[in-house]
Structures are given as C-alpha cells and as structure tokens.
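# Summary of structural features
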Amino acid sequence: EAMAREIRALPHIDVHAVATLGSDEEEDLFRRLFLQHGHPPNLRMTYLRQSKGKRHAMADALRVIGQIRSDDLRASGADADSAYDDVIIFMDGDTEVGEGTVAQCLPYFRAFPKLGALTTDELGRIYRASPLVREWFSLKFIKRHSIMKSIALSRKVLTLTGRYSVFRADAVLSNEMVSYLEDDHIQHWVYGRIRFLMGDDKSTWFVLLKNGWEMFYLPDVVVYSLETRTQNFFKLSRSLMLRWNGNTMRTNARTLDLGPKRIGAFIWYAVLDQRISMWTTLIAPFAMLLLTIFVTPWFAAFYVAWIIMVRLFQILVLVLQGHQMRIVDLPLQLYDQWVGSFVKVRALFNLGEQKWSKAKSSGDSGAKLPWSRRWMPTFQVIVSLVALLLFVGVLTSVFRTPNLFDFPSAVERAMTSWTGGDDTADRPVRSASDRMDDERLVSVERPPARTSSDPLPRPEPPRGDQFEAEPIRPGLAPTPSAGASNEDNDDDEREVEPAATPSNDLGVTTESTAA
C-alpha cells in the first residue's frame, strides 16, 4: 500500500518493480493487494522466484532490470547518457516507507552527478516484543541516526542498509556488483575461504566505496522497520550483535586495505575505529576491576559515579535529537557498550560463524574446520582478553614490568637460587694436598690472648718527623699537634697546673685510658 502510494505520487516517472518471492502464495498476495489499493498506471511488475537466499535474489533482480533498461533504451532510441539519472531502490519486504520518501530521494541524484547511493533514517515498529526489547531497538535506531548523519558529512557512510537504499543505476548495473552479491568472500588464515551468506548491504557499500562513488544520508527522510521479536532479550541481543558485528568485521579489513587516499581519510579512520573501539571500551572496566581488587575499593565507587555522569551526558545528546529518555536507557547503554565489545571480539576471531535469527540459518565455515584448528578461535579470544588485562594492569601500575637492563643480574640471581646459593658445584675438583698448601699460605700466627691482669699497652711515642715542636708560653698549656698523643699532653698540663689527675686501678690517667 505504501509503495503504491509513492508510485502514484510520481505520475511522470516510469517505474518497473521486481519482486523476488519465495512461493506462488506470496505472488497471489501481491496481486490481491494491488487490486485492492489500485494498480498505478505507471507501474510494471515482474515476479521472480528466490530459492538461494537474498543475495542471489538481488543479483537476479539486477540482471532483469539491466535487460529491461537496455530494451527500453533501444525502443526509445535514447543513448545511455540520457538514462544516467535512473535509480534503483533496494527495499526489504518488512519495510514501510514514509509518505513522500521516494520523491525526496530522487532529486539528489540529478543535483550530485558523483552520488552513487543514499540511505535514510530508520525507525522501528516492534510487535510482540517485551518493553525492554522495544527500548533497546529504540536506543539502537537513535544512535545509528546520530552516527550516520555525522559520518555523512564526508560524503561517505558506513553502510547502505538493506532496509531501504537508493542507488544510481550505472553504479550497480555491472557484472562486478552482481559478482559481489552472488559470491562475495574473503580469505582467512584459519577458516580459509569464507563466503558471505548475509551482509549484502556491506557488499554493495564496499563496491561503491572502492569505485569512488559518493554516498549520502538523509536524516529527515524516514522508513519504518517492521519487526516481530518474541525471543528473550539477552538471547536476542547477543544474536543480533554477533550477526551485525560479524558482517562488519568481515568487510572492514579489506576496506582498510584500500587506503585513505582512495576512499578518503575520514571514512578510513571511521572504519579503523571499528576495529579499535571494541578494545578501548574495555580498558576502563578492566582498570576499575584491577584497582578495586589490588588498591582500594573506593575506585569502584568513583568509577560508578563517573560512568553515570558520562552515560547520562551521552543520553542527553540523544534526547536533543529526538529520543525519549527512559530509566532503562542507562543500563542498556552500558550493556550495549560492554557486552557489545565482548561480542565484537568474539566475532573478530570467529569470522566463519554466520547466523541469521529470523531464517534460523547459519554458515558452515566453522563446521568445516579440521579438528586440529577448531580450538584456534577460542584460544585467540582468551589470549587477546588476557593480554588486554595485563596491558591495563601495567598501565595502571598494578602490575610492574621487569627492568630489562637488570636482566643479566636477574638471571645470575635465579641461577644462584636454583643451585641452593652455593657455587662450589661450578668449581674444578682439587686434591687434598692442594687444599693443604693453600691453608699454609693463608695461615697467620695469632698472638696469645691477653688476660685481665695484663697492663694495657702504651701507644708508641710519635716520631720527630710527625710533628713540629711549638714553644711553650709561660702559664699556658701547649696546643697539641695532629700527631701528639694524649699522654704527652697530660704531662705538659701537669707542669703548668700542678693539680693531680685521678688515675684508675691500672695506674693510667683517665685521659690516657680514653685515648
């Protein structure tokens, strides 16, 4: 009904619609709907059967459209340049276009000759879902809107959503595009050849990006995603995160290989950020965990206050763009960032795992791994997260790194400790006679021990060359020189001052005893 309304609003434009359906019942439904709502006179319909999935259906539709376009050009006698502004719309069957959507998209292709494709804002209409699932989708859509309209200032976008995207006919009617849709794949060192079972929007985006086409985002044009979600929130969210992040990880590595000069520095950096942000998002919670355990629990309190302040500010930015804030937005924001980062790390090392929750289909790349390599993706995830934890520990000084310049001495101490602290094992074996000779060489005759009745030894008198005698002034004691002993000074003092100095039991004056 919405599509028929949009086509009737463009009576001067010939529209040829190709519907790829899975059964005769779906074709009968389409025909009844057009009869009910009126078949626009400027519309021609072609019905195709799909049995190999969405990717093959899109490729077949492009072949049919290309043939019809060539026939129309020959019939009218026009050249290909006159049809340069022709457009092709890819739209899912569970998408409802808003009023005036098509009419607002078409003028951009005539105004911007280098424009290859554009996409629009997207809102969700979620049926039979819990309030938590609905709010999570609402938060996802508004964050997508905020990011897309910022990235689009570079005249590039990060994806051309399969919900609703408009392409220039010359940009997609090529054997290259058909080949990417039917058999897009990458080569992986663990999985080997990985064929894309989903992520058609990433394939079309990559072809346009590497061929130099511009891409726009229209923030004021809205389409509605019709969803029926009955699954548990945690199971559903993790499944969708794995699907979305898997499509992203399978594509952005080859996108980075194109280089910033070819695709533009800003969009290249945005793609690089997709591979970095999953690690940087986990640095703060890892740091809080380590500091709380090894330093003080107050770090947990400070971190909780910090994340509340920062996340509330982020949600406030979304509110200014039209989001209706609810109390669950704060925990959903944290869940989306932290759990999403872990899921993205898992998707990075499990590129062969492809699952689509709606169709209950999955890829078989992981199942084809030989038993000797099936442990590799899990091992990579564990090692990467442990390495990140150790890096954060060193960054916060919780863990101390060894001094590389002290490495030789550390090895020496370790070897000493392993040998019990005794290095005699490394010495050569010597005979008993050699050891006796060494003992005679180093032996020293010790003097006999002195008893308490023996008098104390008197110091030797200084030699004449150790001091220079000074004249004695009458009535004054001489100033002792550096080499004079305390006993000589006492004799001089007794000559000047006749007062007796008490002596100890050994007959030595106190000054001499002290000396």
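The sections below set out a description of the structure shown in this document. All figures in this text were calculated on a predicted structure; none of them were measured in a lab.

### A word on the sheet that holds strand E5 (residues 115-127)
Spatially, the five strands line up as an open sheet ordered E3-E6-E5-E9-E4, and their pairing is mixed. The open sheet is flanked by strand E3 (87-91) and strand E4 (95-97), the only strands paired with a single partner. The sheet shows a mean angle of 30 degrees between the axes of neighbouring strands, taken without regard to direction.

### Here we look at the packing of helix H12 (residues 265-294) against helix H13 (residues 298-319)
Taken N-terminus to C-terminus, the directions of H12 and H13 make an angle of 155 degrees; their axes are 7 Å apart at the nearest point. With respect to each other, H12 and H13 are oriented roughly antiparallel. On H13, the residues touching Ala284, Pro285, Met288, Leu291 and Thr292 of H12 are Phe299, Ala300 and Tyr303. Split into classes, the residues belonging to the contact of H12 with H13 amount to seven nonpolar, one polar and no charged.

### With respect to the packing of aromatic side chains
All chains considered together, the criterion is met by 18 aromatic pairs. Each ring, one from tyrosine 108 and one from phenylalanine 112, has its centre 6.4 Å from the other, and the planes form 10 degrees; the classification is stacked. An angle of 50 degrees between the planes, with centres 6.4 Å apart, marks the rings of phenylalanine 286 and phenylalanine 342 as tilted. Here phenylalanine 286, found in helix H12, pairs with phenylalanine 342, found in helix H14 (residues 329-349); they are 56 residues apart in sequence, far enough to count as distant. Relative accessible area serves as the criterion here: at 13%, phenylalanine 286 is assigned to the buried category. Overall, phenylalanine 342 belongs to the partly exposed group, its relative accessible area being 38%. The rings of Trp136, Phe137, Phe141, Phe233, Phe234, Trp244 and Tyr335 are connected pair by pair, giving a single aromatic cluster. Above the face of the tryptophan 205 ring, lysine 202 is positioned so that its terminal group lies 5.4 Å from the ring centre.

### A look at the nonpolar core
With 33 residues, the main nonpolar core has Leu62, Val157, Leu160, Trp205, Leu208 and Met215 as its most contacted residues. Looking at which element gives the most residues to this core, the answer is helix H9 (residues 200-210), with five residues. In contact with leucine 208, other than residues within four places in its own chain, are Gly116, Ala117, Leu160, Phe167, Ala171, Val172, Met177, Trp213 and Met215. Core analysis: the next-biggest nonpolar cluster, separate from the first, contains 22 residues, Tyr191, Leu282, Leu351 and Val381 among them.

Scoring rules and cut-offs
- Residues numbered from 1 in each chain as written.
- Predicted model: local features only at pLDDT ≥ 70, side-chain atom pairs only at ≥ 80, totals over all residues.
- Heavy atoms only, no water.
- Pairing = 2+ DSSP bridges.
- Helix = DSSP H or I, 4+ residues; strand = E, 2+ residues; numbered from the N terminus.
- Axes fitted to C-alpha atoms, helices over the stretch in contact; angles between N-to-C directions.
- Parallel < 35°, antiparallel > 145°, perpendicular 65-115°, else oblique.
- Contact = heavy atoms within 4.5 Å.
- Nonpolar A, V, L, I, M, F, W, Y, C, P; charged D, E, K, R; others polar.
- Phe/Tyr/Trp six-rings, centres within 6.5 Å; stacked < 30°, edge-to-face > 60°.
- Buried < 20%, exposed > 50% of the residue type's maximum accessible area, 1.4 Å probe, protein only.
- Lys NZ or Arg CZ within 6 Å of the ring centre and 35° of its normal.
- Core = buried A, V, L, I, M, F, W, Y, C linked by side-chain atoms within 4.5 Å.

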